[in-house]
Structure formats: C-alpha cells, structure tokens
Amino acid sequence: SPISEVPEEDYTVPIGEGIIRRPGKDVTIVGNLLMLYRALGAAETLAQRGIEAEVIDPRTLVPLDKQLIIESVQKT
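Quantities reported herein were computed from a predicted structural model and do not represent experimental measurements.

Enquirer: I keep staring at the pairing of strand β3 (residues 53-57) and nothing clicks. Help me out?
Expert: On a regular strand, each side chain points to the face opposite its neighbour's, so the side chains alternate between the two faces of the sheet. A large share of β3 lies buried, amounting to five of its five residues. Here β3 shows two buried faces, one formed by A53, V55 and D57 and the other by E54 and I56. Judged from the three bridges that link them, strand β1 (residues 19-22) and β3 form a sheet pairing that is antiparallel. Considered in β3, the bridge of R22 is made with V55. Of the strand pairs in this sheet, strand β2 (residues 27-30) and β3 are connected by four bridges, and their pairing is parallel. Considered in β3, the bridge of V27 is made with A53. A crossover connection joins β2 to the parallel β3 through helix α1 (residues 34-48); in handedness this β-α-β unit is right-handed.

Put into structure tokens, the structure is as follows:
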C-alpha cells in the first residue's frame, strides 16, 4: 500500500517535505488528507486507461514543498 502503516515506535514527519505516494509519468495529482486517498483512487482509475499518474502527498501546506511539485509537473 502506498500509505504507510503507523509505526509502533516514536517517529517524526519532516515539516515542509512532501512525498511521492505513487510514481507516474503522465500527470501529477497533489492531495493531502482525505484528498490523498481520492487522488490515489483517481490514479488507479487512470492506470486502467493506460495513464500513469504521479500522486504527491505534500504532508504540510505551510511550508509547502513547492520544489517536489515543480519537479513532478516538469516530469509529467
């Protein structure tokens, strides 16, 4: 599953650092919280049509990992 399980031990989530939850080459979808799950569902639907969608989870909106999003959009 692209969404990680919650670890038992202490952990931190980097502030301002997004993560690619599903790699792709045709289109970029950015979503957080509930929209992340919907974006992954949309990516699955697109995959059935031969479109590889990259799904980015920004994890934080302020600060926003603009560089990750820009790099993905340039690629797709």
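Enquirer: Would you mind showing me how to read unusual backbone geometry here?
Expert: Most of the time, phi is negative for any residue but glycine, and the peptide bond is trans. Look at the link from V62 to P63: it is a cis peptide, with omega at 0°. Of note, P63 is situated in the loop between β3 and α2 (66-75). One non-glycine residue, L33, lies in the positive phi region at around 55°. One can find L33 in the loop between β2 and α1.

About the thresholds
Residues numbered from 1 in each chain as written. Predicted model: local features only at pLDDT ≥ 70, side-chain atom pairs only at ≥ 80, totals over all residues. Heavy atoms only, no water. Buried < 20%, exposed > 50% of the residue type's maximum accessible area, 1.4 Å probe, protein only. Helix = DSSP H or I, 4+ residues; strand = E, 2+ residues; numbered from the N terminus. Pairing = 2+ DSSP bridges. Right-handed = clockwise from strand over helix to strand, strands pointing away.

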